[in-house]
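Observations on the three-dimensional arrangement
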Amino acid sequence: MRKISFAVITKIWGFICVLIAIYMGKDVIFSCILTIVAFLHLIIQGKWKIVFNYGIFYILLGILLCAIQRCGLHMLIFSEFYVLMFWNLSPAFLMSWDLVTTPPGKISAFLSSIHLPTSIILGVLVVFRFFPTMKSELRSVYLSMKNRNLTGIKQILQAPARTCEYVLIPLLVRILMTADQLSVSAIARGGESPGKRSSYYESKIEITDIFAMILWFALVSGYLWIGGIKI
């Protein structure tokens, strides 16, 4: 299958359609249709890592949901409500992660094309890059603690407060350093320039984007028509 990269507006449109379907849809179980289409949306773009990782999680959710409905399973630690909630919100998680993993340059180019203020553009970019940055920083902190033998089960059980301190302090310092680096990078790239800015990325809409947006609209309309709308 040829790899396709959808435009930012297509991803935003798909995310909005999914949110409307989840909010207005009456049949929660039927949301698996939205999730399957969201998986296809990612597969077309070649984002196999997200599909594989969340696919395993989604299969486990399906098994738990089936056991709860058919066998009356009652869990002591993880409530049945959360299983249903994650099942229903799965398409929104997939579409939002597609947006988060979009290169910041593409998002900035699209927001600039609709003439949003620079302050809003920079704020949106910081929000979209927060979770991937936090994941990278947490991994760095974990590797640093592992090199100092501070990640053992015995160490965590004996001093949980101190272990939490070992994680939070380096993480906060790294976040502050990242914030300073982002500020310097934004200024160096002309973020405060009042003139018209250009971009390496083009925000053109291809025929595949139009087809995808029509497909999302038709899917959500059919989903609400078949599954019912909350009143």
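Note that this is a predicted model, so its numbers are computed, not measured.

**Digging into the overall build of the chain**
- When you go through the chain residue by residue, the secondary structure sums to 10 helices and zero strands.
- Counting all 231 residues of the chain, 30% fall into the buried class.
- Across the chain, the fraction of contacts at a sequence separation of at least 24, relative to all contacts at a separation of at least 6, is 78%.

**Quick word on the packing of aromatic side chains**
- In this structure the tally under the stated criterion is six aromatic pairs.
- Taking the centre distance of 6.4 Å and the plane angle of 50 degrees together, the rings of phenylalanine 39 and tyrosine 54 count as tilted. Residue phenylalanine 39 is found in helix H2 (residues 32-44), and its partner tyrosine 54 is found in helix H3 (residues 48-71); the two are separated by 15 residues along the sequence. Here the two residues phenylalanine 39 and tyrosine 54 agree in accessibility, since each one is buried.
- Between the aromatic rings of phenylalanine 57 and phenylalanine 86, the centroid separation amounts to 5.9 Å while the plane-to-plane angle is 85 degrees, which identifies the pairing as edge-to-face. With phenylalanine 57 in helix H3 and phenylalanine 86 in helix H4 (residues 80-100), this residue pair connects regions lying 29 residues apart in the sequence.

**Digging into the packing of helix H5 (residues 104-113) against helix H6 (residues 118-128)**
- Where H5 contacts H6, the axes come no closer than 10 Å and their chain directions differ by 150 degrees. Of the possible angle classes, the one that applies to H5 and H6 is roughly antiparallel. Considering how the two elements wind past one another, H5 and H6 form a crossing that is right-handed. Along the contact surface, H5 presents Pro104, Ile107, Ser108, Leu111 and Ser112, while H6 presents Ile121, Val124, Leu125 and Phe128.

**Notes on a nonpolar patch on the surface**
- On the surface, a cluster of nonpolar side chains totalling about 530 Å² of accessible area is made up of Phe52, Ile56, Ile59, Leu60 and Ile63.
- Tracing the backbone through its elements, the reader meets isoleucine 56 in helix H3.
- Judged by relative accessible area, which is 43%, isoleucine 56 ranks as partly exposed.

**Quick word on a positive patch on the surface**
- On the surface, a cluster of positive charge is contributed by Lys49, Lys135, Arg139 and Lys146.
- Looking at which element gives the most residues to the positive patch, the answer is helix H7 (residues 130-147), with three residues.
- For lysine 135, the location among the structural elements is in helix H7.

**Quick look at the pattern of salt bridges**
- Scanning all chains against the criterion turns up two salt bridges.
- A salt bridge links aspartate 98 to lysine 11, with the shortest nitrogen-to-oxygen separation between them at 3.7 Å. With aspartate 98 in helix H4 and lysine 11 in helix H1 (residues 8-24), the pair connects residues that are 87 residues apart, well separated along the chain.
- Take lysine 11: its relative accessible area is 3%, and that puts it in the buried class.

**Looking at the packing of H2 against helix H10 (residues 207-227)**
- Where H2 contacts H10, the two axes come as close as 11 Å, and the packing angle between them is 170 degrees. Considered as vectors, H2 and H10 are oriented roughly antiparallel to each other. The hand of the H2/H10 crossing is right-handed. Along its contact with H2, which presents Ile33, Leu34, Val37, Ala38 and His41, the element H10 presents Trp216, Leu219 and Tyr223.

**Structural notes on the side chain of threonine 10**
- Summarising the element assignment, threonine 10 is placed in helix H1.
- Other than its neighbours up to four places away in sequence, threonine 10 contacts Asp209, Ala212 and Met213.

**Side note on the UniProt feature "transmembrane region" (unreviewed entry) in the chain**
- Here, UniProt's "transmembrane region" (unreviewed entry) annotation points to residues 12-44, 50-68, 75-97, 109-131 and 207-226.
- End C-alpha atoms of residues 12-44 are separated by 16 Å, and the span's content is 79% helix alongside 0% strand.
- For residues 50-68, the end-to-end C-alpha separation is 27 Å, with 100% helix and 0% strand making up the annotated structure.

**A short note on the environment of glutamate 137**
- Locating glutamate 137 in the fold gives a position in helix H7.
- Between the alpha carbons of glutamate 137 and leucine 172 there is a distance of 9.7 Å; along the sequence they are 35 residues apart.
- When residues no more than four places from it in sequence are discounted, the contact partners of glutamate 137 are Leu171, Arg174 and Thr178.

Calculation rules
- Residues numbered from 1 in each chain as written.
- Predicted model: local features only at pLDDT ≥ 70, side-chain atom pairs only at ≥ 80, totals over all residues.
- Heavy atoms only, no water.
- Helix = DSSP H or I, 4+ residues; strand = E, 2+ residues; numbered from the N terminus.
- Buried < 20%, exposed > 50% of the residue type's maximum accessible area, 1.4 Å probe, protein only.
- Contact = heavy atoms within 4.5 Å.
- Phe/Tyr/Trp six-rings, centres within 6.5 Å; stacked < 30°, edge-to-face > 60°.
- Axes fitted to C-alpha atoms, helices over the stretch in contact; angles between N-to-C directions.
- Parallel < 35°, antiparallel > 145°, perpendicular 65-115°, else oblique.
- Left-handed = near helix turned anticlockwise from the far one by under 90°.
- Patch = residues over 30% accessible without salt bridge, like charges linked within 9 Å, V, L, I, M, F, W, Y side chains within 5 Å.
- Areas by Shrake-Rupley, 256 points an atom, 1.4 Å probe, with all protein chains shown as cover.
- Salt bridge = Lys/Arg side-chain N within 4 Å of Asp/Glu carboxyl O.
- Lys, Arg positive; Asp, Glu negative; His and termini not counted.
- Charge placed at Lys NZ, Arg CZ, Asp CG, Glu CD.
- UniProt positions renumbered as here; feature names shortened; annotations may be inferred.

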